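What follows is the residue order along each chain.
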Amino acid sequence: MVASNDPIRIMLVDDHPERSASVEEKLKASGFDVICRLPSASGLLFQIEQLQPDLVLIDLQSPGRDVLESLSVVNHYNPKPVVMFSDEDDPAFIEEAVDAGVTAYMMEELHPQRVKPVIDLAMAQFKSYQSLRKALDDARTKLASQSVIEEAKQLLMTQHGINEDKAHKTLRTLSMDTNQSLPEAARSVIKILGKNSGNGNDHE
């Protein structure tokens, strides 16, 4: 379900004119806003960037690698749910399509009567995936920050002969005094003390 009262804005890419018109009619009857119908994937990336649809619905005879490349760019910089209908059953192509950001890959022809539930499912899957993606990115950032802090503490402990608690307090003080986050302060410490660590191998 979509929380907003605004209708979902759909970009329809279909090289079958009659089917495309029928699908558009069905989508509009179901409360969707079809913002454009494209007869081919030519200039797809530009069109997506210009129109910013909420979902891209694709049914092409031969999608091709150029379509996947465009979708991959969109997925990297401004991800959107993408539903692709295709009779291409090559596992390698399907894997590439999913990697490029295709939310739902349907090995069948687009049927106007069945398009709404497919879109609803794709929207739900996309929302779930983006939540997982954000959680993973947050976890990676947190882990990287913690690693930097631990490295800085080890340098302080080794070069200044202090315990871990004192090293942590030193980092916190530096963070507050310099208006930096704790990881930023840790990176400053590593930058300065890391050089000393390299020079300190001569005396033991």
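Just above sits the structure.
Residues numbered from 1 in each chain as written. Predicted model: local features only at pLDDT ≥ 70, side-chain atom pairs only at ≥ 80, totals over all residues. Heavy atoms only, no water.

Notes on the environment of His160
For step 1, the next point in the chain: Structurally, the position occupied by His160 is in helix 5 (residues 115–160).
For step 2, the next point in the chain: Between the alpha carbons of His160 and Ala21 there is a distance of 74 Å; along the sequence they are 139 residues apart. (Helix = DSSP H or I, 4+ residues; strand = E, 2+ residues; numbered from the N terminus.)

Side note on the pairing of strand 3 (residues 55–59)
For step 1, the next point in the chain: For strand 3, the buried fraction is high: five of the five residues fall into the buried class.
For step 2, the next point in the chain: Neither face of strand 3 is open: one carries Leu55, Leu57 and Asp59, the other Val56 and Ile58, and all of them are buried.
For step 3, the next point in the chain: Pairing analysis gives four bridges linking strand 3 to strand 4 (residues 82–85), with the strands arranged parallel. Across the sheet, residue Leu57 finds its bridge partner in strand 4, namely Val83.
For step 4, the next point in the chain: A crossover connection joins strand 3 to the parallel strand 4 through helix 3 (residues 64–77); in handedness this β-α-β unit is right-handed. (Buried < 20%, exposed > 50% of the residue type's maximum accessible area, 1.4 Å probe, protein only. Pairing = 2+ DSSP bridges. Right-handed = clockwise from strand over helix to strand, strands pointing away.)

So, the pairing of strand 4
For step 1, the next point in the chain: Neither face of strand 4 is exposed, since Val82 and Met84 on one face and Val83 and Phe85 on the opposite face are all buried.
For step 2, the next point in the chain: Direction of pairing for strand 4 relative to strand 5 (residues 104–106): parallel, over a ladder of three bridges. Along strand 5, the bridge assignment pairs Phe85 with Met106.

What to know about the nonpolar core
For step 1, the next point in the chain: By size, the foremost hydrophobic cluster in this structure holds 22 residues, and its most contacted members are Val13, Leu44, Ile58, Val67, Leu71 and Met84.
For step 2, the next point in the chain: When residues of this core are traced back to their parent elements, those giving at least two are strand 1 (9–14), strand 2 (33–38), helix 2 (44–51), strand 3, helix 3, strand 4 and helix 4 (91–99).
For step 3, the next point in the chain: Among the elements that make up this core, the one with the highest residue count is helix 3 (four residues).
For step 4, the next point in the chain: Those residues in contact with Met84 that sit more than four places away from it in its chain are Ile58, Pro63, Val67, Leu68, Leu71, Phe93, Val102, Ala104, Tyr105 and Met106.
For step 5, the next point in the chain: The next biggest cluster of nonpolar side chains, apart from the first, holds 18 residues, and it includes Phe85, Leu110, Val118 and Ala122. (Core = buried A, V, L, I, M, F, W, Y, C linked by side-chain atoms within 4.5 Å. Contact = heavy atoms within 4.5 Å.)

Structural notes on helix 5
For step 1, the next point in the chain: Here helix 5 is 46 residues long and its end C-alpha atoms lie 67 Å apart, about the 68 Å a rise of 1.5 Å per residue gives.
For step 2, the next point in the chain: After helix 5 finishes, the residue Gly161 shows a positive phi value of roughly 60°. (Expected span 1.5 Å × (residues − 1).)

As for unusual backbone geometry
For step 1, the next point in the chain: In this structure, Gln52 takes a positive phi of about 50° despite not being glycine.
For step 2, the next point in the chain: Within the chain, Asn179 stands out as a residue other than glycine whose phi angle is a positive 55°.
For step 3, the next point in the chain: Tracing the backbone through its elements, the reader meets Asn179 in the loop between helix 6 (164–177) and helix 7 (182–199).

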